[in-house]
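Residue strings, one per chain:
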Amino acid sequence: LTLAVVLPERNLSYPWAWPRVGPAVRLAAAAVNARPDLLPGLELRWVFGSSEDRHGVCSEMAAPLAAVDLRLAHHPAAFVGPGCVYTAGPVARFTSHWRLPLVTAGAEAHGFDDKSEEFALTTRAGPSHRKLGELGVQLHRRFNWTRRALLVYWDEKVDDRPCFFAAEGLYVQLSSLRNLTVMDVVFQNRDNFSFVIQEIKAKGR
């Protein structure tokens, strides 16, 4: 029984990088194999594919290619990873097509909540931005903030865009509140604070 792992191979800036997760995968496989009653007649093994490009960054091209290679060469029963949003998306679509489960500690974006089709077999073991949005909704109800919400976030549009996807979770959930106007300000220039202040003055009242 083979488990396919698709994660960043070396880049420790990702919490789900292989040097962090690999020891847990090895320990888990050893623990399962030490219990013959868990998988009678089977042995659990794992194979690894990197989701990094040559610069060490999560790659929406490298990850699905690694997943396809592992699928063709090893016929895994399930996938672990990727964690980054832009790499988890295409891999999850492939695994759904193959009718194989995918478990990830990442993929926090709101879009992965849709279990109707392409992410039906994707399980997130970590936090999701939908939960952050639900917290925002509860705060608005608790403090009776009923007129306007303004989201200000940084977005470099490189790598995994964590601020954008976090703000998306808030934006989508807050929009469910009746009569609440939700607006956003994208902060792209670190030196242009006056622009952000003017946007807050214009949109936040």
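Here the structure is a predicted model, which means the values were calculated and not measured.

Rules behind the numbers
Residues numbered from 1 in each chain as written. Predicted model: local features only at pLDDT ≥ 70, side-chain atom pairs only at ≥ 80, totals over all residues. Heavy atoms only, no water. Helix = DSSP H or I, 4+ residues; strand = E, 2+ residues; numbered from the N terminus. Buried < 20%, exposed > 50% of the residue type's maximum accessible area, 1.4 Å probe, protein only. Contact = heavy atoms within 4.5 Å. Salt bridge = Lys/Arg side-chain N within 4 Å of Asp/Glu carboxyl O. Domains from an automatic or database assignment. Buried area = accessible area lost by both parts, 1.4 Å probe. Polar contact = N/O pair within 3.5 Å; in protein donor to acceptor, adjacent residues only side chain to side chain. Nonpolar A, V, L, I, M, F, W, Y, C, P; charged D, E, K, R; others polar. Axes fitted to C-alpha atoms, helices over the stretch in contact; angles between N-to-C directions. Parallel < 35°, antiparallel > 145°, perpendicular 65-115°, else oblique. Left-handed = near helix turned anticlockwise from the far one by under 90°. Phe/Tyr/Trp six-rings, centres within 6.5 Å; stacked < 30°, edge-to-face > 60°.

The helix and strand tally for the protein chain stands at six helices and seven strands. For the protein chain, the N- to C-terminal ordering of α and β elements is β-α-β-α-β-α-β-β-α-β-α-β-α. For the C-alpha atoms alone, the extent of the protein chain along its principal axes is close to 65 × 35 × 30 Å. For the protein chain, buried positions account for 40% of its 205 residues. In the protein chain, of all internal contacts separated by at least 6 residues, the share reaching a separation of at least 24 is 59%.

One pass over the structure, following the stated rule, counts seven salt bridges. For Glu9, the salt bridge identified is with Arg10, shortest N-O distance 3.7 Å. A relative accessible area of 59% places Arg10 in the exposed class. Between Glu134 and Lys131 there is a salt bridge, and its shortest N-O distance comes to 3.5 Å.

Attention shifts here to the domain arrangement of the protein chain. Here the domain parsing of the protein chain yields domain 1 (2-124) and domain 2 (129-204). Computed over C-alpha atoms only, the centres of domain 1 and domain 2 are separated by 31 Å. Between domain 1 and domain 2, the residue contacts involve ten residues of the former and ten residues of the latter. A per-residue breakdown of the area domain 1 buries against domain 2 is headed by Tyr86, Glu108 and His110, which together make up 59% of the total. Along the contact surface separating domain 1 from domain 2 lie one salt bridge. Where domain 1 meets domain 2, there are three residue pairs in polar contact (both at pLDDT 80 or more). Class assignment for the residues of the side of domain 1 that touches domain 2 results in seven nonpolar, one polar and two charged.

Turning to unusual backbone geometry, a few remarks are in order. Between Gly81 and Pro82 the backbone carries a cis peptide bond, its omega angle lying at 0 degrees. Residue position: Pro82 is located in the loop between strand S3 (78-80) and helix H3 (85-97). Positive phi values are uncommon outside glycine, yet Arg99 reaches one of about 60 degrees. On the secondary structure map, Arg99 appears in the loop between H3 and strand S4 (102-104). Phi is positive for Ala107, which is not a glycine, with a value near 55 degrees.

Helix H5 (residues 162-174) packs onto helix H4 (residues 129-142) with a crossing angle of 50 degrees between their chain directions and a minimal axis gap of 7 Å. Of the possible angle classes, the one that applies to H4 and H5 is oblique. The crossing of H4 and H5 is right-handed. Two secondary-structure elements touch here, H4 through His129, Arg130, Leu132, Gly133, Glu134, Gly136, Val137 and His140 and H5 through Pro162, Phe165, Ala166, Gly169, Leu170, Gln173 and Leu174. Grouping the amino acids of the contact of H4 with H5 by side-chain chemistry returns seven nonpolar, six polar and two charged.

Within this structure, the stated rule accounts for six aromatic pairs. With 4.8 Å between their ring centres and 35 degrees between their planes, Trp18 and Phe48 make a pair best called tilted. Of this pair, Trp18 sits in helix H1 (residues 18-33) while Phe48 sits in strand S2 (residues 45-50); the two residues are 30 residues apart in sequence, bridging distant segments of the chain. With a relative accessible area of 11%, Trp18 lands in the buried category. When its relative accessible area of 24% is taken as the criterion, Phe48 is described as partly exposed.

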